[in-house]
Amino acid sequence: MPTPDKYNLILDALHTLLERKNLSSISVSEIAQTAGIAKGSIYYYFSSKDAIVEALVERSYASSIHTAKLLAKQTDIPPFTRMALIFQACRNSSSEFLKQKRAADASIQEQTLLHQKYLRYIITELKPVLTEIIQQGIDNGEISFDYPQSLAEIVLLVLTIKIDNTLIPSSIEEIKQTFLGLISLLEKGTDNPKGSLNFLMLPSSYDKNS
């Protein structure tokens, strides 16, 4: 039976290697050596190096996903406030996960690969959570919108791409303008007064150096 300790040793080893090497140059043998286990043991837990990367992404965002699911139950907090808290939690996790790639001078291709894995995971996990929060707002008369699931997906796509600024690199001012545009659309589309959702514009959400 797989043991959590060895499982996490493997993820820790990949994380350590990513701090000084590009993903493409890291082998399964090297991960095993860094983890202090036999190479064959890795395949007991993971089918490939790619599977290890995906598991590391999941572990890196576990805290944010847990926070989001807890916030979905906090119905005493306004829906958009909960959304803002979720985005900030994801931003913090993303900064922590990707900072080693800046230090390692990862190629654009590698940064894009890691970002795609992050996007897929974070959107898959958060879409039902945000949909639930938006639906709660609709049911309580705080939000007026007919397609909560679509709204959750649109918001997540824009925010996740812009927050990490990897797939489509932009200046801080361009990112800020995108956020302002999204806020304006949200206000108009959900019948919220102009300026009422400006708190979604968290400074650290568009400061790529944070």
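Residues numbered from 1 in each chain as written. Predicted model: local features only at pLDDT ≥ 70, side-chain atom pairs only at ≥ 80, totals over all residues. Heavy atoms only, no water.

Participant: Is there a simple way to explain the overall build of the protein in this structure?
Facilitator: Helix and strand content of the protein: ten helices and zero strands. Its helices and strands taken in sequence order, the protein reads α-α-α-α-α-α-α-α-α-α from the N to the C terminus. Within the protein, the proportion of its 210 residues that are buried is 44%. Of the contacts made within the protein by residues no fewer than 6 positions apart, 69% connect residues no fewer than 24 positions apart. In the structure as shown, the protein presents an accessible area of about 10600 Å², 54% of it carried by carbon and sulfur atoms. (Helix = DSSP H or I, 4+ residues; strand = E, 2+ residues; numbered from the N terminus. Buried < 20%, exposed > 50% of the residue type's maximum accessible area, 1.4 Å probe, protein only. Contact = heavy atoms within 4.5 Å. Areas by Shrake-Rupley, 256 points an atom, 1.4 Å probe, with all protein chains shown as cover.)

Participant: Please explain the nonpolar core as it appears in this structure.
Facilitator: When a protein is soluble and globular, its nonpolar side chains tend to lie buried together. Within the largest apolar cluster, 36 residues are counted, with the highest numbers of intra-cluster contacts made by Met83, Ile86, Ile122, Leu126, Leu130 and Leu186. Those elements that provide at least two residues to this core are α5 (62-72), α6 (79-103), α7 (108-139), α8 (148-164) and α9 (172-189). The element contributing the most residues to this core is α7, with ten residues. Apart from the residues lying within four places of it in its own chain, the contact partners of leucine 126 are Ile65, Ala68, Ile86, Cys90 and Leu156. Counting 21 residues, the second largest nonpolar core, distinct from the first, contains Ile10, Ile31, Ile37 and Val53. (Core = buried A, V, L, I, M, F, W, Y, C linked by side-chain atoms within 4.5 Å.)

Participant: Can you walk me through the side chain of lysine 117 in this structure?
Facilitator: Relative to the assigned elements, lysine 117 resides in helix α7. With a relative accessible area of 6%, lysine 117 lands in the buried category. A polar contact of 3.3 Å, which involves the side chain of lysine 117, links it to the side chain of glutamate 54. Ignoring anything within four residues of it in the chain, the contact list for lysine 117 reads Asp50, Val53, Glu54 and Val57. (Polar contact = N/O pair within 3.5 Å; in protein donor to acceptor, adjacent residues only side chain to side chain.)

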